[in-house]
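Each chain, written out:
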Amino acid sequence: MIKLALFPGDGIGTEVAEEAVNVLKFLLDNHSVRYEIEKGLVGGASYDEYGKPLTDETLKIAKNADAVIFGAVGGYKWESLPIELRPEKALLSLRYELGLYANLRPSKIYDELIDASPLKKEVVQGTDMMIVRELTGGIYFGQPRGVFDLEDGQKKGVNTLVYTTKEIERIAKIAFEIAKKRRKKVLSVDKANVLECTELWRNVVAEIAKGYPDVELTNMYVDNCSMQLIRQPKNFDVIVTTNLFGDILSDESSMVAGSIGMLPSASLNGKKGMYEPIHGSAPDIAGQNKANPLAAILSVAMMLKYSFDMDDLADNIDKAVEKVIKNGYRTADIYSKAPGTKLVGTKEMGLAVIEELKK
Ligand code: IPM
Ligand code: MG
């Protein structure tokens, strides 16, 4: 029996999570895998109901589950709330409380979607990278933090970038292990020319690299990396980096992949994981059956692989997604009027994946 938590959240999060769960249920039923899904409110939806973005109840559901399926959180309605009550806080607390320190964000371009990328075909074709983002440390969680009053009446805003040896070691190991199964290249991204904390990062990653003689390690400063990602995206295999740099670089990498609506993610602490599309709640298109559910569906595939070692089932989903794209199904974000393509909604895209799985 596998125990799942389902937190659809806000905006298109609810729509894409629904399709992802439909796909998952179809596949598990078909393979006689027993499961239990417990639903919870997070983000703005939870705030509206309980006055906070994450309740103890919901956190308990997450802690009891083997894996969490997450939609997206946030929306205009909650933007002016104090930071502690904003929908995003639910996500940050779940990551922290569950100890999900390793965030895997694969980014690859499907040949059929090359036109959806704003970059030139010859630049993006063949891109296939994995960003390994540290997720429970760095400037996102460092103390001290806050806005403080100064004696002269000014204010002072403070956040702290902090990493310990152990935190760097464990994320570096994840990156090298993944690289071993890929093209055997790890790029560590830092700002070691300016920030001492990331100089430590660079040194610790180099120590870990000694245990992986068959994997090549290179280093890059984050400013240079943000440029190289657009210039030569194909050169990248595994990128390992800090929480904040990984946040920024993974959004950038989504443009190389055509659309942010295609990119899944896994946030891991051993086998325990939370799985979510990397896109947000997109309030501008929410409730209109326009969102691309493929990132959420591919996230469920990552769950089967990383939390449950069901690589075959994960593969089935990956292949079905490839096939629906080959067959021309396009949500608005990846639609380019190319011959043989048809514009579909969230539901139709989800159904198309299930139809493929039936074959
Ligand atoms: C992400 C998001 C989150 C982050 C926000 C919503 C808190 O941008 O998962 O990349 O900054 O980590
Ligand atoms: Mg982000």
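For the structure itself, look to the data block above.
Analysis parameters
- Residues numbered from 1 in each chain as written.
- Chains lettered and ligands numbered in written order.
- Predicted model: local features only at pLDDT ≥ 70, side-chain atom pairs only at ≥ 80, totals over all residues.
- Heavy atoms only, no water.
- Axes fitted to C-alpha atoms, helices over the stretch in contact; angles between N-to-C directions.
- Helix = DSSP H or I, 4+ residues; strand = E, 2+ residues; numbered from the N terminus.
- Parallel < 35°, antiparallel > 145°, perpendicular 65-115°, else oblique.
- Left-handed = near helix turned anticlockwise from the far one by under 90°.
- Contact = heavy atoms within 4.5 Å.
- Nonpolar A, V, L, I, M, F, W, Y, C, P; charged D, E, K, R; others polar.
- Buried < 20%, exposed > 50% of the residue type's maximum accessible area, 1.4 Å probe, protein only.
- Pairing = 2+ DSSP bridges.
- 1 Å grid on protein atoms, 1.4 Å probe; cavity = no way out; pocket = protein on both sides within 12 Å on 5 of 7 lines; lining within 4 Å.
- Points joined across faces, edges and corners; volume = space filled by probe spheres on them.

Draft legend 1. View of the packing of helix α1 (residues 12-30) against helix α10 (residues 294-306). One can describe the packing of α1 onto α10 by two numbers: an axis separation of 8 Å at closest approach and a directional angle of 45 degrees. Taken together, α1 and α10 sit at an angle that is classed as oblique. α10 is crossed by α1, and the crossing has right-handed handedness. Contact with α1, carried on its side by Val-16, Glu-19, Ala-20, Val-23, Leu-24, Leu-27 and Leu-28, involves Ala-296, Ile-297, Val-300, Met-303 and Leu-304 of α10 and no other residues of that element. In the contact of α1 with α10, the residues fall into 11 nonpolar, no polar and one charged.

Draft legend 2. View of the environment of Ala-282. Within the secondary structure, Ala-282 sits in the loop between β12 (272-275) and α10. Its relative accessible area of 23% is what places Ala-282 among the partly exposed residues. On a C-alpha basis, the gap between Ala-282 and Asn-269 in space is 28 Å, while along the polypeptide they are 13 residues apart.

Draft legend 3. Just the pairing of strand β11 (residues 266-269), in detail. Two strands pair when backbone bridges link them, and strand β4 (residues 102-108) and β11 are joined in this way by three bridges, in the antiparallel orientation. Bridged to Asn-103 within β11 is Ser-267. Looking at chain direction, β11 and β12 are connected through four bridges and run antiparallel. Across the sheet, the residue bridging to Ser-267 is Met-274, located in β12. Where β11 hands over to β12, the hairpin turn is made up of two residues, of which Gly-270 adopts a positive phi near 65 degrees.

Draft legend 4. Representation of the environment of Tyr-76 in the model. Among the structural elements, Tyr-76 can be located in the loop between β3 (67-72) and α4 (88-97). Between the alpha carbons of Tyr-76 and Ile-12 there is a distance of 13 Å; along the sequence they are 64 residues apart. Once residues lying within four places of it in the same chain are set aside, the contact partners of Tyr-76 are Pro-283 and Asp-284.

Draft legend 5. Examining empty space enclosed by the protein more closely. Inspection of the entire model under this criterion finds two cavities of 30 Å³ or more. Computed from the structure, the largest cavity encloses a volume of approximately 50 Å³. Examining the composition of the lining of the largest cavity, we find that three residues originate from one element, strand β1 (residues 2-9), more than from any other. Here the residues of the lining of the largest cavity sort into four nonpolar, one polar and three charged. Its boundaries defined by the atoms lining it, the second largest cavity holds a volume of some 30 Å³. Surrounding the second largest cavity, Ala-17, Ala-20, Ile-69, Phe-70, Gly-71, Tyr-275, Pro-277, Ala-296, Ser-299 and Val-300 form its lining. Listing elements by their share of the lining of the second largest cavity, those giving two or more residues are α1, β3 and α10.

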